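So you can see what is in the structure, the chains are spelled out below.
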Amino acid sequence: PWPETPDGNGPSLVRIAPKHRLNPGLPSSWRSSVQNNGTPGSSDATSFEGEDLMEYAFGTSSNIHFEIKDNFLQIHYYKRLSADDLVFKIQSSENLKNWTEVDNLYEANSIAHPGLNEFSSITMRSINKIKKEMPKFLRIQVRTRN
């Protein structure tokens, strides 16, 4: 579950939003640096200051792709690598009115694609195989970190 790109030949390991006191012992509290070799002594995080939160989070092509592979549901999307001020949550619903967080039912595999737009390709894979009684609707909720 730890970011794989900081392997000694490129990006470094960066703590996500340290002022929010996320647990440094958890892999989810870390990410790859935006640039190779990182930014020692400073942060490469960005802050949302615009009007379009979704564009800031996902970029101009906010494609979210769902795929069934080997009877597991996979969710593919791109997110801004430096957006430490955002929280991404997978939610499910039966009726599009009531939503429940289901992050615990998915495992993440993140691969950084450093470049001009500094986005990371994210793949979330269901822990369990697909069943007929699975929720009918899924979404990715994006909110600013409090």
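For the structure itself, look to the data block above.
What counts and what doesn't
- Residues numbered from 1 in each chain as written.
- Predicted model: local features only at pLDDT ≥ 70, side-chain atom pairs only at ≥ 80, totals over all residues.
- Heavy atoms only, no water.
- 1 Å grid on protein atoms, 1.4 Å probe; cavity = no way out; pocket = protein on both sides within 12 Å on 5 of 7 lines; lining within 4 Å.
- Points joined across faces, edges and corners; volume = space filled by probe spheres on them.
- Nonpolar A, V, L, I, M, F, W, Y, C, P; charged D, E, K, R; others polar.
- Core = buried A, V, L, I, M, F, W, Y, C linked by side-chain atoms within 4.5 Å.
- Buried < 20%, exposed > 50% of the residue type's maximum accessible area, 1.4 Å probe, protein only.
- Helix = DSSP H or I, 4+ residues; strand = E, 2+ residues; numbered from the N terminus.
- Contact = heavy atoms within 4.5 Å.
- Pairing = 2+ DSSP bridges.
- Polar contact = N/O pair within 3.5 Å; in protein donor to acceptor, adjacent residues only side chain to side chain.
- Phe/Tyr/Trp six-rings, centres within 6.5 Å; stacked < 30°, edge-to-face > 60°.
- Lys NZ or Arg CZ within 6 Å of the ring centre and 35° of its normal.
- Salt bridge = Lys/Arg side-chain N within 4 Å of Asp/Glu carboxyl O.

With respect to the layout of surface pockets
Here is step 1 of the chain: In this model, the second largest pocket occupies a volume close to 340 Å³.
Here is step 2 of the chain: For the second largest pocket, the lining is made up of 19 residues, of which A17, P18, S43, A45 and D84 are closest to its centre.
Here is step 3 of the chain: Looking at the lining of the second largest pocket residue by residue, the classes come out as six nonpolar, eight polar and five charged.

Details of the nonpolar core
Here is step 1 of the chain: In this structure, Y77 and F88 are the most contacted members of the largest nonpolar core, which totals 16 residues.
Here is step 2 of the chain: When contributions to this core are tallied by element, the ones reaching two or more residues are helix 1 (53-58), strand 4 (72-80), strand 5 (86-93), strand 8 (119-126) and strand 9 (137-144).
Here is step 3 of the chain: Those residues in contact with F88 that lie beyond four places of it in its chain are A57, F58, Y77, K79, D103, I140, Q141 and V142.

Description of the sheet that holds strand 5
Here is step 1 of the chain: What the three strands build is an open sheet, ordered 6-5-9; its pairing is antiparallel. Looking along the sheet, the strands with just one partner apiece sit at the ends: strand 6 (100-101) and strand 9.

What about the environment of R145?
Here is step 1 of the chain: Here R145 shows up in the segment after strand 9.
Here is step 2 of the chain: Once the C-alpha coordinates of R145 and H76 are considered, the two residues, 69 residues apart in sequence, prove to be 22 Å apart.
Here is step 3 of the chain: From its side chain, R145 meets the backbone oxygen of D84 in a polar contact 2.9 Å long.

A look at the pairing of strand 3 (residues 64-69)
Here is step 1 of the chain: In this sheet, strand 4 lies alongside strand 3 in antiparallel orientation, the contact comprising six bridges. Paired with H65 across the bridge in strand 4 is H76.
Here is step 2 of the chain: A loop of two residues connects strand 3 with strand 4, the two strands running antiparallel in sequence, and D70 in this loop sits at a positive phi of about 55°.

Things to note about unusual backbone geometry
Here is step 1 of the chain: Not every positive phi belongs to a glycine, and D70 is a case in point at roughly 55°.
Here is step 2 of the chain: The residue D70 is located in the loop between strand 3 and strand 4 in this model.
Here is step 3 of the chain: D70 sits in the exposed class, given a relative accessible area of 61%.
Here is step 4 of the chain: The phi dihedral of L96 falls on the positive side, at around 65°, and the residue is not glycine.
Here is step 5 of the chain: With respect to the helices and strands, the residue L96 is situated in the loop between strand 5 and strand 6.
Here is step 6 of the chain: Relative accessible area serves as the criterion here: at 49%, L96 is assigned to the partly exposed category.

Description of the packing of aromatic side chains
Here is step 1 of the chain: Here the structure, examined in full by the defined rule, presents four aromatic pairs.
Here is step 2 of the chain: With 5.4 Å between their ring centres and 45° between their planes, F48 and Y56 make a pair best called tilted.
Here is step 3 of the chain: Here F48 falls in the partly exposed class, since its relative accessible area comes to 24%.
Here is step 4 of the chain: One aromatic cluster is present, formed by F58, Y77 and F88 through successive ring pairs.
Here is step 5 of the chain: Residue placement shows R125 over the ring face of F72; its charged tip is 3.7 Å from the ring centre.
Here is step 6 of the chain: Cation over ring: R139 sits above W99, and NZ or CZ is 4.0 Å from the ring centre.

Comments concerning the pattern of salt bridges
Here is step 1 of the chain: Tallied over the full model, the rule gives four salt bridges.
Here is step 2 of the chain: As a salt-bridge pair, D44 and R31 come within 2.5 Å of each other at their nearest N and O atoms. Here the residue D44 occupies a position in the loop between strand 2 (30-36) and helix 1, and R31 occupies one in strand 2, the gap between them amounting to 13 residues.
Here is step 3 of the chain: Between E107 and R125 there is a salt bridge; the shortest N-O distance is 3.7 Å.

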